[in-house]
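Structure at a glance
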Amino acid sequence: QVQPVESGGGLVQAGGSLRLSCASSGRTFSYYAVGWFRQAPGKERVFVGGISWDSRRTSFEDSVKGRFTISRDDGENTVYLQMTRLKPEDTAVYHCAVGGRLTQEAKKYVYWGQGTPVTVSS
């Protein structure tokens with residue numbers, strides 16, 4: 001089994017950058033799709049972006065396209081969410097999740113991390 005663990009969250013000014021990491025404390029992420037989701041206070045959890053098991057495809061929610069990228073380092077067994085030009089609206093708890101295929105549907109992912117908070121100030 002895999003156990004995702006997120007890190008890299010924190011406080012950043014609007015327009016700044018932050019890189020979140022999703023590492024597995026168990027089995028390798030190889031052959032698994034990894035998705036990132038976020039949930040702001042009082043709002044529902046939404047898909048942010050994800051990467052396919054073989055890293056051939058990525059997918060992003062419209063509001064972050066062109067600002068966020070996802071990459072995978074198989075040697076480190078880690079998936080990264082690189083966030084640039086951050087906006088206050090990006091403030092949320094960010095979770096990574098592992099599943100069988102890349103999709104925006106949260107229910108398709110099996111393993112979830114605890115989350116890392118991101119706060120973007122004006």
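Everything here concerns the structure above.
Below, the structure is looked at part by part. Source: prediction; values computed, not measured.

We now examine the sheet that holds strand β7 (residues 68-73). Overall, antiparallel pairing links the 4 strands, which are arranged β1-β3-β8-β7 in an open sheet. Taken across any chain shown, the strands that pair with only one partner, and hence form the sheet edges, are β1 (4-7) and β7. For this sheet, the mean angle separating the axes of adjacent strands, direction not counted, is 20 degrees. Sheet topology note: the β1/strand β3 (residues 18-24) ladder contains 4 bridges and is antiparallel. Across the sheet, the residue bridging to V5 is A23, located in β3.

This part takes up the packing of aromatic side chains. Taken as a whole and assessed by the stated rule, the structure comprises 5 aromatic pairs. An angle of 25 degrees between the planes, with centres 5.5 Å apart, marks the rings of Y31 and W53 as stacked. Residue Y31 is found in the loop between β3 and β4 (33-39), and its partner W53 is found in the loop between β5 (46-51) and β6 (58-60); the two are separated by 22 residues along the sequence. Judged by relative accessible area, which is 64%, Y31 ranks as exposed. The interplanar angle of 75 degrees and the centroid separation of 5.5 Å between the aromatic rings of F37 and F47 together place this pair among those described as edge-to-face. Here F37, found in strand β4, pairs with F47, found in strand β5; they are 10 residues apart in sequence, far enough to count as distant. Taken together, the ring pairs in this structure connect F37, F47, Y109 and W112 into an aromatic cluster.

How each quantity is defined
Here the residue numbering is sequential within each chain, running from 1 through the sequence in written order. Owing to the predicted nature of the model, reporting of local features is limited to residues with pLDDT of at least 70; listing and counting of side-chain atom pairs is limited to 80 or more, with chain, interface and lining totals taken over all residues. Side-chain metrics rest on all non-hydrogen atoms present in the structure, leaving aside hydrogens and water. Two strands are counted as paired when DSSP detects at least two bridges linking them. The secondary structure listing takes helices from DSSP runs of H or I that are at least 4 residues long and strands from runs of E that are at least 2 residues long, numbered from the N terminus. Axis definition: a line fitted to C-alpha atoms, limited for helices to the stretch in contact. Angles are taken between N-to-C directions and run from 0 to 180 degrees. Centres within 6.5 Å make a pair out of two Phe, Tyr or Trp rings, where for Trp the six-membered ring is used; the pair is then stacked when the planes are under 30 degrees apart, edge-to-face when over 60, and tilted otherwise. Remark: exposure states derive from per-residue accessible area (1.4 Å probe, protein chains only) relative to the maximum for the residue type, with buried under 20%, exposed over 50%, and partly exposed in between.

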